[in-house]
Amino acid sequence: MSEGGEPDPGARFLRLLWCDSAGLRRCKVIPMAELESTIQKGLGLTKACMACQIWADTCAPGAGLGALGEVRLMPVGNPIQLPWHPQHAICLTSLHDPPGGQWSCCPRAALARTIKQAVDAHGLEFHVGFETELHLSRRQVADAQRSGPDSCTAVDNSLYADSLALDAMSPVLDTMAESLERMGIGLVQFHAESGSGQFEVVTQHASPLIAADQLLLTREALTQVAARKGFRASLHPKPHAAGAGSGCHCHISLRHQGEDGESEAMHKGALGLTDWSRAFFAGMLAHLPGLMVFTMPSYHSYLRMQPGAWSGAYRVWGEQNKEAPLRLCTLEGFPEMTNMELKSMDSTTNPYIALAAVITAGLLGITKQMDLPHPYQEDPSHLSPDDAAAAGLEALPNSLAAALEALDHDKDLLEALEQTVGAELLQAFLGVRKAEAKHFDSEADAILYQRY
């Protein structure tokens, strides 16, 4: 990672962090004295790592990976100090397969490859930012024996932007914010959210690769700082059955580098959108049902996809429409702030794979010269299913199995993903997610929550 904080001169150990197909953050630790050797030779890792399932370290059937083969974890960028654990620093990694260079199942390489295709074919550059929602609960000794959606004891029952909730949890939230800043991650804001014990942390936009790197580090900081303070920070999409779900909304903007060398921002044109950006976002909208496999990839992701939950249950886009999965964000007088928010995303993602898929869908829109339909400026949650259908509104998949089926029927997106994400990583990722859909669909709800 080319941007970030500085390593602690007293750090004795270095964590090498990666994210697998199930969205789990994993790491190996080396003494700092081994850093130079690891930069040159990497650290051994089984190829099976990208096929492991969420409930056990076993390879998903059909993922194409197993007991054979090893790759090398290669540090990326400078080590970054862990403010909550000064003896440790951390590095993002890429996965290499000697002697051929980057491994075909390396998620970070897949995103880099997708970005390069966007630049080479269309002269596009992107900025991406994230809103990370989390639930804070009090840790109890009995938690290990409890399960189910309501097993956590939320820290409060407050409402959106409640100042009392913020003040009560300021010792934790302030430390989270300070940790992000010390790690070189720009903080925009944080506040209480609508759910019990729920908060939102918004980080600065960056290029897609840096944004994905920083999102993984943000998740590390939020969960680890909470644990150090005696709390549990859950990034689960729906930790409380009756409460608000947690997303990881993605804000994306793009610029087009014209043949004359001038950069055309997305905020020019009708509704603040250029033809390039309209086509890109039209591609995202057209392929959204299948795209959700990558941006809402867990069985539990779909528990928050309900009309009226501001998560976007219908395939529409709108200007400042909180019920649309694609929301155009604008501010009069500040056109440079125009961006599109993808609400159909949560923290069970592998951010590299998710962003690669999002960009791939957008590029299809450009290649096929798509255009956005008229923005939907109503609240579809007020409609019955029959009325929504009569109005021509298409309900988005309400389960991981349904999203997988939508992707299976989206041959254009699958073909494009084989070129960007890569056929082998695509097979591994889909193998893991298909196994998850099948496994959890046969389990009781209490066991589902315990697994997560």
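Residues numbered from 1 in each chain as written. Predicted model: local features only at pLDDT ≥ 70, side-chain atom pairs only at ≥ 80, totals over all residues. Heavy atoms only, no water.

S.K.: Quick rundown of the packing of helix α2 (residues 107–122) against helix α8 (residues 351–367)? Include the residues and the values.
M.R.: Axis separation between α2 and α8 bottoms out at 8 Å; the angle between their running directions is 20°. Between α2 and α8, the angle is such that the two are roughly parallel. Along this stretch, α2 crosses α8, giving a crossing that reads as left-handed. Two secondary-structure elements touch here, α2 through Pro 107, Arg 108, Ala 110, Leu 111, Thr 114, Ile 115, Gln 117, Ala 118 and His 122 and α8 through Tyr 352, Ile 353, Leu 355, Ala 356, Ile 359, Thr 360, Leu 363, Ile 366 and Thr 367. (Axes fitted to C-alpha atoms, helices over the stretch in contact; angles between N-to-C directions. Helix = DSSP H or I, 4+ residues; strand = E, 2+ residues; numbered from the N terminus. Parallel < 35°, antiparallel > 145°, perpendicular 65-115°, else oblique. Left-handed = near helix turned anticlockwise from the far one by under 90°. Contact = heavy atoms within 4.5 Å.)

S.K.: Explain the pairing of strand β11 (residues 198–203) to me, using residue names and the numbers behind them.
M.R.: The buried fraction of β11 is high, at six of six residues. The alternating pattern of β11 places Gln 198, Glu 200 and Val 202 on one face and Phe 199, Val 201 and Thr 203 on the opposite face, and all of these are buried. Note that strand β10 (residues 187–192) and β11 share five bridges and pair antiparallel. Across the sheet, His 191 pairs through a bridge with Glu 200, a residue of β11. In textbook terms, the turn of a hairpin is the stretch between consecutive antiparallel strands, and for β10 and β11 this stretch comprises five residues, one of which, Gly 197, has a positive phi near 70°. (Buried < 20%, exposed > 50% of the residue type's maximum accessible area, 1.4 Å probe, protein only. Pairing = 2+ DSSP bridges.)

S.K.: Give a description of the packing of aromatic side chains that names residues and reports values.
M.R.: Describing an aromatic ring pair means giving the distance of the ring centres and the angle of the ring planes. Counting across every chain of the model gives five aromatic pairs. Ring centres of Phe 294 and Phe 429 lie 5.1 Å apart, and the angle between their planes is 15°; this geometry places the pair in the stacked category. A residue pair is termed long-range when its members are at least 10 positions apart, and Phe 294 in helix α7 (residues 288–295) and Phe 429 in helix α11 (residues 411–441) qualify at 135 residues. Its relative accessible area of 1% is what places Phe 294 among the buried residues. Here the aromatic cluster, defined as three or more aromatic residues joined through ring pairs, consists of Trp 55, Tyr 299 and Phe 440. (Phe/Tyr/Trp six-rings, centres within 6.5 Å; stacked < 30°, edge-to-face > 60°.)

S.K.: Describe the pattern of salt bridges, naming the residues involved and giving the relevant values.
M.R.: All told, the structure shown has 13 salt bridges when counted by the stated rule. Close ionic contact of Lys 116 with Asp 120 constitutes a salt bridge, the shortest N to O distance being 2.6 Å. One end of the pair, Lys 116, and the other, Asp 120, are both in helix α2, four residues apart, so they sit about a helical turn from each other. Asp 120 shares its class with Lys 116; the two are exposed. A salt bridge links Glu 394 to Arg 315; its shortest N-O distance comes to 2.5 Å. Linking Glu 394 in the loop between α9 (385–390) and α10 (400–409) with Arg 315 in the loop between α7 and β15 (317–319), this pair joins segments that are 79 residues apart in sequence. (Salt bridge = Lys/Arg side-chain N within 4 Å of Asp/Glu carboxyl O.)

S.K.: Kindly report on the environment of His 251, identifying the contributing residues and their values.
M.R.: Tracing the sequence through the fold places His 251 in strand β13 (residues 248–257). Residues His 251 and Phe 130, spaced 121 residues apart in sequence, show a C-alpha to C-alpha distance of 6.2 Å. Setting aside its immediate chain neighbours within four residues, His 251 contacts His 127, Val 128, Gly 129, Glu 131, Arg 327, Cys 329, Asn 339, Met 340 and Glu 341. A polar side-chain atom of His 251 sits 2.6 Å from a polar atom in the side chain of Glu 131. For His 251, the side chain forms a polar contact with the side chain of Asn 339, separated by 2.7 Å. (Polar contact = N/O pair within 3.5 Å; in protein donor to acceptor, adjacent residues only side chain to side chain.)

S.K.: Which residues make up the sheet that holds strand β2 (residues 25–31), and what values go with them?
M.R.: Pairing within the open sheet is mixed, and its five strands lie in the order β2-β1-β7-β6-β3. The sheet is open, and its two borders are formed by β2 and β3 (43–46), each paired with just one other strand. The sheet shows a mean angle of 40° between the axes of neighbouring strands, direction not considered. Taken together, the four bridges between β3 and strand β6 (residues 70–81) define a ladder with antiparallel strand orientation. Pairing of Leu 45 across the sheet is with Val 71, part of β6.

S.K.: Before we move on, could you go through the confidence of the model for the protein chain and cite the residues and values that matter?
M.R.: With 89% of its residues at a pLDDT of 70 or more, the protein chain shows a mean pLDDT of 89. Within the model, the stretch residues 1–8 combines pLDDT values under 50 with 29 contacts to residues more than four positions away or in other chains. Every residue in residues 142–150 is under pLDDT 50, and counting partners more than four places away or in other chains gives 18 contacts. (pLDDT = per-residue confidence, 0-100.)

S.K.: I'd love a proper account of unusual backbone geometry, names of residues and values included.
M.R.: The omega angle of the peptide bond from Pro 98 to Pro 99 is 0°, so this bond is cis rather than trans. As for its placement among the helices and strands, Pro 99 is situated in the loop between β7 (88–96) and α2. Phi at Gln 320 takes a positive value of approximately 55°, unusual for a residue other than glycine. Of note, Gln 320 is situated in the loop between β15 and β16 (326–329). Gln 320 sits in the partly exposed class, given a relative accessible area of 37%. We note that Gln 369 has phi near 55°; this positive angle belongs to a residue other than glycine. Within the element layout of this structure, Gln 369 appears in the loop between α8 and α9.

S.K.: Kindly report on the nonpolar core, identifying the contributing residues and their values.
M.R.: Within the largest apolar cluster, 126 residues are counted, with the highest numbers of intra-cluster contacts made by Leu 136, Phe 280 and Phe 294. The element contributing the most residues to this core is α11, with 14 residues. Beyond its immediate stretch of four places on either side in the chain, Leu 136 contacts Ala 154, Val 155, Met 169, Val 172, Leu 173, Met 176, Gly 197, Phe 199, Ala 226, Phe 231, Arg 232 and Ala 233. Of all hydrophobic cores here, the second largest spans seven residues; its members include Tyr 314, Val 316, Ala 388 and Leu 393. (Core = buried A, V, L, I, M, F, W, Y, C linked by side-chain atoms within 4.5 Å.)

S.K.: Which residues make up the state of the cysteines, and what values do they have?
M.R.: By the definition in use, this model includes zero disulfides. Unpaired in terms of disulfides, Cys 106 finds its nearest cysteine sulfur in Cys 105, a separation of 9.2 Å. The exposure class of Cys 106 is buried, given its relative accessible area of 1%. (Disulfide = S-S within 2.5 Å.)

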